[in-house]
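What the coordinates show
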Amino acid sequence: MDAWEVVERTNNMNVLPSTWAFKCKRFPDRLIKKFKARFCARGDKQIEGIDYFETFAPVVQWITVRLMLILECLLDLVSKQGDVTCAFLHAHLPEKERVYVEMPLGFRQYDQGGKARVLKLKRTLYGLRQSPRAFWKYVTEKLVKCGMEQSDLDPCLFISDKVICVVYVDDLLFWSMEDQPIYDLAEALRNEDVLLEEEGDAAGFLGVKLTRLPDGRISMTQCGLIDRIITSLGLDGDGVKMKSTPAERKPLVKDSDGALCEEAFNYASVVGMLLYLAGHSRPDISYAVNCAARYTFCPRRSHEIALKRIGRYLKLTKDKGLILKPTQALNVDAYPDADFAGLYGYEDGADPTCTRSRMGFTIAVADCPVFWQSKLQTETALSTMEAEVVAFVACCRELFPFVDIVDQIGNAVGLSRKERCQMYIKMHEDNAGALILRDRPFNSRDWSPPSLKIKKKNRFCETSF
């Protein structure tokens with residue numbers, strides 16, 4: 001692929017160390033897919049402004065992926081999956097970024113003086129900080145050349161008159177009404193020198209197993225990840241007591257004076273796996289995981305017990321996951337809620353965190369959840385009504401851009417303007433004070449929200465509903 005050239009080493013070069021990375025790639029059910037060996041640069045030794053400049057690279061939002069899976073069920077779309085082989089080796093390094101790397105172990109060359117030669121990179125290499133951004137720009141350019149239009153709402157969503165594509169680094173998902181347009185796009189990408197490997201129907205994406213059930217529903221499960229969590233927590237043996245709920249009824253508190261950790265597992269590592277699981281296919285553990293994640297940097301014995309309780313619950317419900325069974329009406333429903341000062345009386349009264357309210361909300365399309373969240377509010381609400389309004393506004397911040405994506409994708413998959421105009425949005429709010437406030441003309445002398453941000457959003461909501 002002409003990724004580098006061998007040059008003599010000079011004293012003014014910032015030469016990065018190199019390493020080999022060996023990996024066993026698995027399917028979502030943990031069966032071995034392939035063994036991989038990668039030559040990587042030590043990006044941790046790079047110097048900003050010399051070896052790299054910009055590093056940000058977007059990935060597709062999972063709310064977009066779940067929306068496409070719902071439309072796949074409703075419209076009987078064809079889905080295919082693709083993977084770009086040696087992805088980061090496709091993109092060229094900008095001329096202003098000169099990167100030198102040591103030659104790989106086992107392939108090193110030396111000059112007559114015994115000095116090791118180095119590699120001057122022409123293309124990005126795995127491990128470099130700028131590689132994800134360079135590849136994202138590369139694949140965006142190639143998809144646009146092949147007739148795809150990049151969405152202005154999700155930079156990793158690409159739409160044409162026949163195909164919809166989403167990109168997550170080097171993994172691509174395609175949807176169309178028929179197989180042939182997807183094959184044509186894949187062939188066009190290969191003609192543009194993209195080493196695209198087709199992997200058949202979309203059966204697994206980023207560790208999430210996608211199963212098309214006989215009745216048309218789609219099941220999203222992560223049994224492999226759950227097995228890893230259970231093993232990490234030491235709950236993989238027989239006779240382990242399981243739990244029917246992921247958390248106790250009383251909230252999890254800081255417990256600063258409690259007993260220290262006793263378990264051998266890495267608390268932060270398990271929390272990271274649980275966050276990935278909760279955000280993709282298991283909304284039922286979102287609250288419990290968020291509570292445990294708050295104490296990642298100072299866990300106590302009580303927090304370890306709470307984490308193991310989540311593991312015991314997952315062991316009981318390992319084969320469960322998110323089921324997408326959409327109704328025929330493409331309607332959007334949002335369910336915000338809040339618990340006013342839920343930690344008060346449990347947490348230390350001198351800790352300002354105990355006055356924070358917890359909020360949670362779910363956004364559903366065609367009665368299928370596509371986005372959910374549970375977290376403490378950053379503002380300190382002074383009443384139940386204020387806590388509900390903050391949750392309402394936080395839900396709207398996610399909802400309104402999403403509605404635009406629904407309209408854009410609906411147009412791409414062939415829904416008529418009449419059908420898209422019939423789509424309606426429902427906000428399910430259960431607090432009488434918040435509903436009265438929504439219907440009243442805004443007057444800052446009557447009520448002052450916790451922050452200016454809420455005030456602006458309240459005006460926006462008032463004109464929208």
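The following paragraphs examine the structure supplied in this document. (Residues numbered from 1 in each chain as written. Predicted model: local features only at pLDDT ≥ 70, side-chain atom pairs only at ≥ 80, totals over all residues. Heavy atoms only, no water.)

For the rest of this paragraph, the subject is the overall build of the protein chain. For the protein chain, the helix and strand inventory stands at 11 helices and 20 strands. Here the C-alpha coordinates of the protein chain stretch approximately 80 × 60 × 55 Å along the principal axes. Out of the 465 residues in the protein chain, the part that is buried amounts to 47%. Of the roughly 23400 Å² that the protein chain leaves accessible, carbon and sulfur atoms contribute 51%. Here the protein chain holds 64 positive side-chain charges and 63 negative ones, and the gap between their average locations is 3 Å. (Helix = DSSP H or I, 4+ residues; strand = E, 2+ residues; numbered from the N terminus. Buried < 20%, exposed > 50% of the residue type's maximum accessible area, 1.4 Å probe, protein only. Areas by Shrake-Rupley, 256 points an atom, 1.4 Å probe, with all protein chains shown as cover. Lys, Arg positive; Asp, Glu negative; His and termini not counted. Charge placed at Lys NZ, Arg CZ, Asp CG, Glu CD.)

Judged by how many residues are buried, strand β11 (residues 171-176) sits mostly within the fold: six of six residues are covered. The two faces of β11 match: Asp171, Leu173 and Trp175 on one face and Leu172, Phe174 and Ser176 on the other face are all buried. As paired elements, strand β5 (residues 78-84) and β11 share six bridges and run antiparallel to each other. Directly across from Gly82, in β11, lies its bridge partner Leu172. Bridge count between strand β10 (residues 163-168) and β11: six bridges; the pairing is antiparallel. Bridge pairing in β11 links Ile164 to Trp175. Where β10 folds back on β11, the antiparallel hairpin that results is connected by two residues, among which Val169 adopts a positive phi of roughly 55°. (Pairing = 2+ DSSP bridges.)

Counted according to the given criterion, the structure contains zero disulfides. The structure places no disulfide on Cys40, whose sulfur is separated from the nearest cysteine sulfur, that of Cys86, by 11 Å. Unpaired in terms of disulfides, Cys146 finds its nearest cysteine sulfur in Cys165, a separation of 10 Å. (Disulfide = S-S within 2.5 Å.)

Pairing is antiparallel across the open sheet formed by six strands, whose spatial order is β8-β9-β10-β11-β5-β12. The strands lining the two open edges of the sheet, one partner per strand, are β8 (149-150) and β12 (196-198). Sheet contacts for helix α1 (residues 62-75): β5, β9 (157-159), β10 and β11; angle to β11, the most-contacted strand, approximately 30°. Of the strands in this sheet, β5, β8, β9 and β10 touch helix α2 (residues 131-145), which is tilted by about 170° from β10. (Contact = heavy atoms within 4.5 Å. Axes fitted to C-alpha atoms, helices over the stretch in contact; angles between N-to-C directions.)

What follows covers the pattern of salt bridges. Under the definition given, this model contains 20 salt bridges. Lys318 is the partner of Asp227 in a salt bridge, and the nearest nitrogen-oxygen pair spans 3.3 Å. Residue Asp227 is located in helix α4 (residues 223-232), and its partner Lys318 is located in the loop between α7 (301-316) and β16 (322-324); the two are separated by 91 residues in the primary sequence. We note a salt bridge from Glu263 to Arg301, for which the minimum N-O separation is 3.0 Å. Of this pair, Glu263 sits in the loop between α4 and α5 (267-280) while Arg301 sits in helix α7, and the two are 38 residues apart along the sequence. One connected set of salt bridges, linked through shared partners, spans Glu262, Glu263, Arg301, Glu304 and Lys308. (Salt bridge = Lys/Arg side-chain N within 4 Å of Asp/Glu carboxyl O.)

Take it as geometry only, folks, not as evidence of what the structure does.
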